[in-house]
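For reference, the chains in residue letters:
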Amino acid sequence: MKGKYKAIIALVLILILLPLTLLMTIAHWLPTLAGIWLPQGTKIAMEASPRFTRGAIIVPDLRYLAGDCELATIKDATLSHPQRWRLHLDQLNLNVDCISKIPLDSSAPAAPRTLNEWQSLLPESLLTIDRVNITPFQQFSGALRLSLRPEQQSVHYDGPSLSVDAQLNGQILALQKLKVQALAGMEPLELAGTVTLPAITDNLPEKGHLATKLRIPQESELVDVVLDWNEAQGAIRVATPNAHEPLLALPWTVSNTIFEVNGGQWFWPYAGFPLRGGISLQVNDWRQGLENAVISGRMNVITQGSAGKGNAVLNIGPGKISTINSSLPLQLTGEAKQDGMVFYAVLPGELSGAIADPKLLFKPGALLRSRGRIIDSLDVDEIRWPLAGVSVSRHGVDGRLQAIVRAHENKMGDFVLHLDGKADNFLPDAGLWQWKYWGNGAFTPMQAKWDVRGQGEWRDNRIELSSLSTGFDKLEYGSMLITTPRLKLDGPLHWQRAQSAPSFKGAFTLNAGQTTFSGGSTLPPSTLSFSVDGIDPSFFQYKGELRAEAIGPVRVNGRWDGIRLRGNAWWPQQGLAVFQSLIPADWKMTLKDGSLYSQVAFSAASGQGFEAGGHAVVKNGSVWMPDNQINGVDFVLPFRFSNSTWRLGTDGPVTLRIAEVKNQVTSTNITADLEGWYPWSEKQPLTLSDVNVDILGGKLRMQQLRMPQHDAALLRLENISSSELITAVNPKQFTMSGRVNGGLPLWLNHPQWIIKDGWLSNPGPLTLRLDKDMADAIVENNIAAGVAVNWLRYMEISHSWTRINLDNLGGLTLRANVQGTSQVEGKRNVVRLNYSHQENLFTLWRSLRFGDNLQTWLEQHTALPDVRCQIRDKACEETQ
């Protein structure tokens, strides 16, 4: 009996220990056992054994491998059954690249199950996953909730770039929401609709209707996207509301081996000019999966410009798109036309790499060309972009980048520019692009030739222009000739684009040789040095100075904010003599004394134009010429400039003060004030005021001259000494003494007159004495005229009134009434003389022989008139 008990105890221990042993070693035997039912070439692996806790089984980790590739990894799975089966996973990692590693099953396929059969096998259960990571599509990670019952299945997926809400009832799939953020920066795509699934699960859905609204940046309204199909055919349509022509229309058909789009059309009106074309696409062996499907197709684009219609064709395939290594030939051939430009393309290439990381490589012979007219006067003879060997991927552009531009401008001249460089996985602010450029051309308006040369690089977020040299052999325009102006970098120009510490720094020098003017003026060789310092080319400060040997320096500083250029310029005080070279030698003008200084603030912006304001001051200036001296010049010019208009005089008027002007007539204490706008208008007049000149022992005054002029400006002559005038003119034929007053109404814009109704009079006695030799000659040549001339040999004028008119052709008319007493051979006679005189003043000014002109006039115009003599009064009145 004892032996029987031992056997029973041993059996019980075996029954107890065997399950415990199996449970503790499940990590070793379960993967092998599961391999019986898994697809060939796949397996599962566990690092730790599951454990039981409070009615649940916890699996710490589980890996599903296709070959050596981890297709799926489960972390911390919990299986429980409170009321229905519930499986919760902390994390599920999926690598879709491993799907291609699953070998095809060569065994004879079993009879396919129907969808209803699969649904009937589903237990009532709930699957929740806190985080699903999808490699290489990490942006589509999220949380999953899957509720299963035989009669209904529902799924909810929530991630930052992908959200899904859907229910399956029998064969009807109700897609309540499918929201996809395909590209960063774009609005997400939302899709909703219903789909009727096939009874056999390895077939396509029998029919369906899916619709969504999509926002594109070029359209203010949402765009409608509709997918409809029934059995083996369907269509995709993308259109704007109320549009007559859809943006995209793709009718498609499908069979057991071929998916085909035939007769597709597309239209894109947002490129500034309409683009449209057709699409055809064929996918052979689509049922064998993406790796084995063969893709081919054709797409064309039709453009129209002023040069006519253009047609370019993109030929696709035949080739394949793969999750590992695609191989799809592409070739774009044809031409496109926009306005006056024509683009020619022969671009053979191949798309390779994984579908998630494609790469386009341009093959030998790839060339893009263009020619035509960009603007009204700029003609592009040819632009060439050789692209052979250049590749484009999500990592950037790689290869040699070249461009050649040949163009001409009808008035400005022709030019050629070259760009050559090397890109190494370059994208803006990523990778490396090194370049050099050179070119030359003609600048016809200034009869010059120019050239440019430089090099630089863009490395990650740093752009460096290491060298720059550009200039002209000369600049010749009108009377000006500038020799060899050239702009160079003093050192590398750096632009650091990092957002944390952006910077933009560089220094330049503009040198120019001597500048000459046809009149004989010269400006010495000049140099403009300036530097920039900021955060980028749209926001920086600048400073510099301009020198031309002794002239200057003119110092400049300011800033550019991307919209407006602001700055200040200072011209420090320096002697006027440094500007002597600017005065032509044949002027025989010498700058003696005086100084100049100036300050200007300016700004410029699009829409505003150029604006400036400041002042310039000349102190104690002195200019000497052979026949003239101008001394003690003080000039103050406060101004503003805006909208092509000068505002002269801001805080105060423009003032001119000249101590002395020496020539035949010496003028002193010259003053004038100017205030207003130029060009002037009714609302913005220009006014010259307080004009005063001490001249000929008297004064010349003008209170105000307003432009535009409505009233004459009265030029007053006060106590002008006739003897000083005669001394200055120095006629030998007569002398005069005494004072003269007058008023000359001055017009500058009158259609006929310069002076209208001007007058001269004497406030005191005037004395006129004719030269004896001249008077005797007149008497000898003309007896009748001699009688009248004898009365004028010596005359004391007690009263005179002269009316003066001067037209704008120079015609001077004098009408005078003179009363006085003449002395002839010791006899005194009262004379009343009325006379008129006409002369072209412009001709008279061109002649310096004033006295000879007077003698000629007297000979021609003096004759014995009708005379009524009153002997008793010893008076005679002559009317001529």
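Residues numbered from 1 in each chain as written. Predicted model: local features only at pLDDT ≥ 70, side-chain atom pairs only at ≥ 80, totals over all residues. Heavy atoms only, no water.

## Describing the overall build of the protein chain
Part 1 of the reasoning: Across its full length, the protein chain holds eight helices and 60 strands.
Part 2 of the reasoning: Within the span of the protein chain, comprising 880 residues, buried residues form 35% of the whole.
Part 3 of the reasoning: The long-range fraction of contacts in the protein chain, counting pairs at least 24 apart against all pairs at least 6 apart in sequence, stands at 40%.
Part 4 of the reasoning: Of the roughly 50,500 Å² that the protein chain leaves accessible, carbon and sulfur atoms contribute 58%. (Helix = DSSP H or I, 4+ residues; strand = E, 2+ residues; numbered from the N terminus. Buried < 20%, exposed > 50% of the residue type's maximum accessible area, 1.4 Å probe, protein only. Contact = heavy atoms within 4.5 Å. Areas by Shrake-Rupley, 256 points an atom, 1.4 Å probe, with all protein chains shown as cover.)

## Things to note about the packing of aromatic side chains
Part 1 of the reasoning: As enumerated under the stated definition, the model contains 16 aromatic pairs in all.
Part 2 of the reasoning: Consider the rings of Trp 495 and Phe 504, whose centres lie 6.4 Å apart with planes at 85°: the pair is edge-to-face.
Part 3 of the reasoning: Taking the centre distance of 5.7 Å and the plane angle of 55° together, the rings of Phe 639 and Trp 646 count as tilted.
Part 4 of the reasoning: For Trp 646, a relative accessible area of 37% corresponds to the partly exposed category.
Part 5 of the reasoning: Site record: aromatic cluster; members linked through ring pairs are Phe 602, Phe 610, Phe 639, Phe 641 and Trp 646.
Part 6 of the reasoning: Sitting above the plane of the Trp 495 ring, Arg 497 keeps its charged end 4.8 Å from the centroid.
Part 7 of the reasoning: Here the guanidinium or amino end of Lys 592 rests over the ring plane of Trp 624, the centre of that ring lying 5.0 Å away. (Phe/Tyr/Trp six-rings, centres within 6.5 Å; stacked < 30°, edge-to-face > 60°. Lys NZ or Arg CZ within 6 Å of the ring centre and 35° of its normal.)

## Section: the environment of Ser 761
Part 1 of the reasoning: You can see Ser 761 is positioned in strand E54 (residues 753-761).
Part 2 of the reasoning: For the pair formed by Ser 761 and Ala 816, sequence separation is 55 residues and the distance between their alpha carbons is 9.5 Å.
Part 3 of the reasoning: Leave out the neighbours within four places in its chain, and Ser 761 touches Arg 739, Val 740, Asn 741, Ser 800 and Trp 801.

## A look at the sheet that holds strand E37 (residues 522-523)
Part 1 of the reasoning: Strand order in the open sheet formed by four strands is E31-E32-E36-E37, with antiparallel pairing between adjacent strands. Whereas interior strands pair on both sides, the edge strands pair on one side only; in this sheet they are strand E31 (474-477) and E37.
Part 2 of the reasoning: Two elements, E31 and strand E32 (residues 480-483), share four bridges in a ladder whose sense is antiparallel. For Leu 475, the partnering residue across the bridge sits in E32 and is Ile 482. (Pairing = 2+ DSSP bridges.)

## Considering helix H4 (residues 722-729)
Part 1 of the reasoning: Regarding H4, the residues found buried are Ser 722, Ile 726 and Ala 728. Considered in projection along H4, the buried side chains sweep an arc of 160° and stay on one side of the axis.
Part 2 of the reasoning: Close packing links the buried residues of H4 with strand E51 (713-721), strand E52 (734-737) and strand E55 (766-770).
Part 3 of the reasoning: Directly after H4, the chain includes Asn 730, whose backbone phi takes a positive value near 60°. (Arc of directions from axis to C-beta.)

## What to know about the pairing of strand E47 (residues 654-662)
Part 1 of the reasoning: Both strand E45 (residues 629-642) and E47 contribute to a ladder of seven bridges, which runs antiparallel. By the bridge assignment for E47, Val 636 is matched with Thr 655.
Part 2 of the reasoning: Sheet topology note: the E47/strand E48 (residues 667-678) ladder contains seven bridges and is antiparallel. Note that in E48 the partner of Val 654 across the bridge is Leu 674.
Part 3 of the reasoning: The hairpin formed by E47 and E48 contains four residues between the paired strands.

## Some remarks on a nonpolar patch on the surface
Part 1 of the reasoning: A contiguous nonpolar patch, built from Trp 646, Tyr 678 and Trp 680 and spanning about 320 Å² of accessible area, is present on the exposed surface.
Part 2 of the reasoning: Within the fold, Trp 680 resides in the loop between E48 and strand E49 (686-695).
Part 3 of the reasoning: For Trp 680, a relative accessible area of 35% translates into the label partly exposed. (Patch = residues over 30% accessible without salt bridge, like charges linked within 9 Å, V, L, I, M, F, W, Y side chains within 5 Å. Salt bridge = Lys/Arg side-chain N within 4 Å of Asp/Glu carboxyl O.)

## Considering the pattern of salt bridges
Part 1 of the reasoning: In this structure the tally under the stated criterion is 20 salt bridges.
Part 2 of the reasoning: For Glu 382, the salt bridge goes to Arg 369, with nearest N and O atoms at 3.8 Å. With Glu 382 in strand E24 (residues 378-386) and Arg 369 in strand E23 (residues 367-373), this residue pair connects regions lying 13 residues apart in the sequence.
Part 3 of the reasoning: On the basis of relative accessibility, which here comes to 29%, the residue Arg 369 falls in the partly exposed class.

## Examining the pairing of E24
Part 1 of the reasoning: Where E23 and E24 come together, six bridges link them in antiparallel fashion. The residue of E24 that forms the bridge with Ser 370 is Ile 383.
Part 2 of the reasoning: Linking E23 back to E24 in an antiparallel pair, the connection comprises four residues.
Part 3 of the reasoning: Bridging between E24 and strand E26 (residues 396-409) involves six bridges; their strand directions are antiparallel.

## A word on the nonpolar core
Part 1 of the reasoning: If you look at the biggest cluster of nonpolar residues, it comprises 32 residues, and the most contacted ones within it are Leu 89, Leu 92, Tyr 157, Leu 162 and Val 164.
Part 2 of the reasoning: If you list the elements that add at least two residues to this core, you get strand E4 (69-80), strand E5 (85-95), strand E6 (125-135), strand E9 (162-169), strand E10 (172-180), strand E15 (248-254), strand E16 (258-268) and strand E17 (275-284).
Part 3 of the reasoning: The element best represented in this core is E9, accounting for four residues.
Part 4 of the reasoning: With sequence-adjacent residues up to four places away left out, Leu 92 is seen in contact with Ala 72, Thr 73, Ile 74, Ile 129, Arg 131, Val 132 and Asn 133.
Part 5 of the reasoning: Counting residues in hydrophobic clusters, the runner-up holds 25 residues, among them Ile 658, Val 665, Met 702 and Leu 717. (Core = buried A, V, L, I, M, F, W, Y, C linked by side-chain atoms within 4.5 Å.)

## Considering the confidence of the model for the protein chain
Part 1 of the reasoning: The pLDDT averaged across the protein chain works out to 80; a share of 86% of its residues lies at or above 70.
Part 2 of the reasoning: Between residues 1-37, whose pLDDT stays under 50, and residues either more than four places distant or in other chains, the model counts 17 contacts.
Part 3 of the reasoning: Every residue in residues 848-880 scores below 50 in pLDDT, and together they form 62 contacts with partners more than four places removed in sequence or on other chains. (pLDDT = per-residue confidence, 0-100.)

## Concerning unusual backbone geometry
Part 1 of the reasoning: That bond from Gly 317 to Pro 318 is cis: its omega, 0°, falls within 30 degrees of zero.
Part 2 of the reasoning: Residue position: Pro 318 is located in strand E19 (residues 308-319).
Part 3 of the reasoning: Residue Pro 553 follows Gly 552 across a cis peptide bond; omega there is 5°.
Part 4 of the reasoning: Tracing the chain through its elements places Pro 553 in strand E40 (residues 551-560).
Part 5 of the reasoning: With phi around 50°, Gln 447 is a residue other than glycine that occupies positive phi space.
Part 6 of the reasoning: Within the secondary structure, Gln 447 is located in the loop between strand E28 (430-443) and strand E29 (448-459).

## Focus: the side chain of Ser 163
Part 1 of the reasoning: With respect to the helices, strands and loops of the structure, Ser 163 is situated in strand E9.
Part 2 of the reasoning: A relative accessible area of 8% means that Ser 163 is categorised as buried.
Part 3 of the reasoning: Not counting residues up to four positions away in its chain, the partners in contact with Ser 163 are Tyr 157, Asp 158, Lys 177, Leu 178 and Lys 179.

## Section: the side chain of Ser 393
Part 1 of the reasoning: Topologically, Ser 393 is positioned in strand E25 (residues 391-393).
Part 2 of the reasoning: Classification of Ser 393 by relative accessible area gives buried; the value is 18%.
Part 3 of the reasoning: Excluding residues within four positions of it along the chain, Ser 393 makes contact with Pro 358 and Lys 359.

## Overview of the environment of Phe 635
Part 1 of the reasoning: Its location among the elements puts Phe 635 in strand E45.
Part 2 of the reasoning: For Phe 635, a relative accessible area of 29% gives the class partly exposed.
Part 3 of the reasoning: When near neighbours in sequence (up to four residues on either side) are disregarded, Phe 635 contacts Ala 616, Val 617, Val 618, Val 654, Thr 655 and Leu 656.

## Digging into the environment of Val 405
Part 1 of the reasoning: Tracing the backbone through its elements, the reader meets Val 405 in strand E26.
Part 2 of the reasoning: Counting along the chain gives 13 residues from Val 405 to His 418, while the straight-line C-alpha distance between them is 6.5 Å.
Part 3 of the reasoning: Dropping the residues within four chain positions of it, Val 405 is found in contact with Glu 382, Ile 383, Phe 415, Val 416 and Leu 417.

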